[in-house]
Amino acid sequence: MLTGKQKAELEGFFTGEGLTELSIQQSRELASQIKIPLGAVESFALEKGIFPSRYERNKGSIGIEGQKKLLKSKVIVVGLGGLGGYVTEALGRLGTGQIVGVDSGIFDETNLNRQIFAKEDNLVEKKAEEAGKRLEEVNHAVVFTGIASSFDKLDDEIWNDADLVFDCLDNISDRLGLAATCSDAKVPLIHGAIAGWYGQVAVIWPETTMLEKIYKNQKFGIEQNIGTPVFTAAAAASLMTAEGVKILTGKNLKREQKMLFFDLLEDEWQTIRFQ
Amino acid sequence: MVIKVRLFATFREGRFKKKEIEFSEAGSLSGLLGQLEIPEESVGVLLVNGKDAGGDYKLAANDVVSIFPLIGGG
């Protein structure tokens, strides 16, 4: 929250300089001068109808109102591997104000084929830390908090505060646990799962039971035998991000229970509706 | 009775995409999976006439059954 004095300084700068756009350089100078976070400068600009340059290309789709909402959003990404990596990168570039990334794991060679934060020289580093480093490079105005533990160790407060959660996990029992946590906290969950050429994406609204209908007491699906190539991870993650952005910016008010299942080998896309 | 079966993703391998199957009267979904040699624990989404259904569902003639494999990777 900005103080009256800080707002006045910002106001003075924007009006005095007659600013009609805002570069990263200007944002940094203002943030440093007035001693406020970079994100606060960019939010202020949006309130004045000015799109920070870094978000300029979001204008025609997300729009100014959507961008304001995104900058104020708090989301949790559970899993920072194939799905979670791309989701986090995308949310960062989009300007999602606060992102909590949760993953207890470290990178290994087998991640290199599809996990965007995995590099040849960061294997054995913690995924939660590497995600943070990457987001610092990509969008310093977004506040990323990396938590290198399993999601069931998080305080209730973190879930209750969140506007949205992304299920980027890699096993079924954890996914069901996460769905229960989100339902209790009454926060929508964007579900995504991938294997080989195939993927599925769905919005799990609080107090609904879609995942319990398709996942029972198994631990893994076909991914255990066939793995996953990068394009499946990126496709599912992009669909998940788009669904998430629609919810955060108020473009999805329908609360439908449906899943998109895609098959990249046969170019088939199925919408499955649940009761 | 005739049941219309639609298979998806890896379930098509060695089987088919769409087929009309002869199935015993008042058989269950579990029974159909057995006939198709699809282990029930490998099934994810399972629909009859577009609605999610369980293994104990009693099939009727001309039901359309859609069977997707279990996918849980991330």
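Reading the values: the criteria
Residues numbered from 1 in each chain as written. Chains lettered and ligands numbered in written order. Predicted model: local features only at pLDDT ≥ 70, side-chain atom pairs only at ≥ 80, totals over all residues. Helix = DSSP H or I, 4+ residues; strand = E, 2+ residues; numbered from the N terminus. Rg over C-alpha atoms; globule rule 2.2 N^0.38 Å. Buried ≥ 20, exposed ≤ 12 C-beta atoms within 10 Å, placed from the backbone. Contact = placed C-beta atoms within 7 Å. Pairing = 2+ DSSP bridges. Axes fitted to C-alpha atoms, helices over the stretch in contact; angles between N-to-C directions. Domains from an automatic or database assignment. Nonpolar A, V, L, I, M, F, W, Y, C, P; charged D, E, K, R; others polar. Arc of directions from axis to C-beta.

S.K.: Can you explain the overall build of chain B? Please cite residues and give values.
M.R.: Helix and strand content of chain B: 1 helix and 5 strands. In chain B, the succession of α and β elements from N to C terminus is β-β-α-β-β-β. Here the C-alpha atoms of chain B give a radius of gyration of 11 Å, agreeing with the 11 Å that 2.2 N^0.38 yields for 74 residues. Counting across all 74 residues of chain B, residues that qualify as buried make up 36%. Sequence-distant contacts, at least 24 apart, represent 62% of the contacts inside chain B between residues at least 6 apart.

S.K.: Tell me about the overall build of chain A, and please be specific about residues and values.
M.R.: Within chain A, the regular secondary structure consists of 11 helices and 8 strands. Judged by the C-alpha coordinates and their principal axes, chain A covers about 60 × 45 × 40 Å. The proportion of buried residues among the 275 residues of chain A is 44%. Sequence separation of 24 or more characterises 68% of the internal contacts of chain A that already satisfy a separation of 6 or more.

S.K.: Describe the environment of Leu-264 of chain A, with residues and values.
M.R.: All names here are of chain A. Its location among the elements puts Leu-264 in the loop between β7 (258-263) and β8 (268-273). For the pair Leu-264 and Ala-235, spaced 29 residues apart in sequence, the C-alpha to C-alpha distance is 9.3 Å. Excluding anything up to four places from it in sequence, Leu-264 contacts Trp-197, Phe-231, Thr-232 and Ala-235.

S.K.: Give a detailed account of the sheet that holds strand β4 (residues 164-167) of chain A, specifying residues and quantitative values.
M.R.: Residues and elements named next belong to chain A. Strand order in the open sheet formed by 8 strands is β3-β2-β1-β4-β5-β6-β7-β8, and the pairing between neighbours is mixed. Each of the sheet's edge strands pairs with one partner strand only, and the pair in question is β3 (143-147) and β8. In this sheet, neighbouring strand axes are inclined to one another by 15° on average, regardless of whether the strands run parallel or antiparallel. The pairing of strand β1 (residues 74-78) with β4 spans 4 bridges and is parallel. Across the sheet, residue Val-78 finds its bridge partner in β4, namely Asp-167. Docked against the sheet, helix α5 (residues 82-94) engages β1, β2 (98-102), β3, β4 and β5 (189-195), running at close to 165° with respect to β2.

S.K.: Requested: an account of the domain arrangement of chain A, with residues and values cited.
M.R.: Residue and element names in this part refer to chain A. Parsing chain A into structural domains produces domain 1 (18-67) and domain 2 (74-273). For domain 1 and domain 2, the distance between their C-alpha centroids amounts to 28 Å. Each partner contributes to the interface: domain 1 provides 8 residues, whereas domain 2 provides 9 residues. The set of elements that each furnish at least two residues to the side of domain 1 that touches domain 2 consists of α3 (38-47) and α4 (63-71). Among the elements that take part in the side of domain 1 that touches domain 2, α3 stands out by supplying 3 residues, more than any other. Residue composition of the side of domain 1 that touches domain 2, by class: 3 nonpolar, 4 polar and 1 charged.

S.K.: Residues and numbers for the pairing of strand β5 (residues 64-69) of chain B, please.
M.R.: All names here are of chain B. Counting buried positions over the 6 residues of β5 gives 5, a clear majority of the element. Pairing analysis gives 4 bridges linking strand β1 (residues 2-7) to β5, with the strands arranged parallel. Within β5, the residue paired with Val-5 across the bridge is Val-65. Alignment of strand β3 (residues 43-48) against β5, held across 4 bridges, turns out to be antiparallel. Within β5, the residue paired with Leu-47 across the bridge is Ser-66.

S.K.: Residues and numbers for the interface of chain A and chain B, please.
M.R.: Between chain A and chain B, the residue contacts involve 30 residues of the former and 17 residues of the latter. At the level of secondary structure, the elements contributing two or more residues to the side of chain A that touches chain B comprise α5, α8 (172-184), β5, β6 (198-204), α9 (210-214), β7 and β8 of chain A. A breakdown of the residues in the side of chain A that touches chain B according to their chemical character gives 14 nonpolar, 10 polar and 6 charged.

S.K.: With reference to specific residues and values, describe the sheet that holds β5 of chain B.
M.R.: All names here are of chain B. Read from one edge of the open sheet, 5 strands run β2-β1-β5-β3-β4, paired in mixed fashion. At either margin of the open sheet sits one strand with a lone partner, and together these are β2 (18-22) and β4 (51-52). Direction of pairing for β1 relative to β2: antiparallel, over a ladder of 5 bridges. The partner of Val-5 across the bridge, within β2, is Lys-19.

S.K.: Explain the environment of Glu-157 of chain A to me, and be specific about the residues and the numbers.
M.R.: Turning to its location among the elements, Glu-157 of chain A is positioned in helix α7 (residues 156-161). For the pair Glu-157 of chain A and Leu-46 of chain A, spaced 111 residues apart in the sequence, the C-alpha separation amounts to 29 Å.

S.K.: I'd like to hear about helix α2 (residues 24-34) of chain A, residue by residue, with values.
M.R.: Residue and element names in this part refer to chain A. When α2 is considered as a whole, its buried residues turn out to be Ser-27, Leu-30 and Ile-34. Along α2, the residues classed as buried sweep out an arc of 70° about the axis, all on the same side. Residues of α2 that are exposed and point more than 90 degrees away from the buried face comprise Gln-25, Ser-32 and Gln-33. Contact partners of the buried residues in α2: α1 (4-16) and α3.

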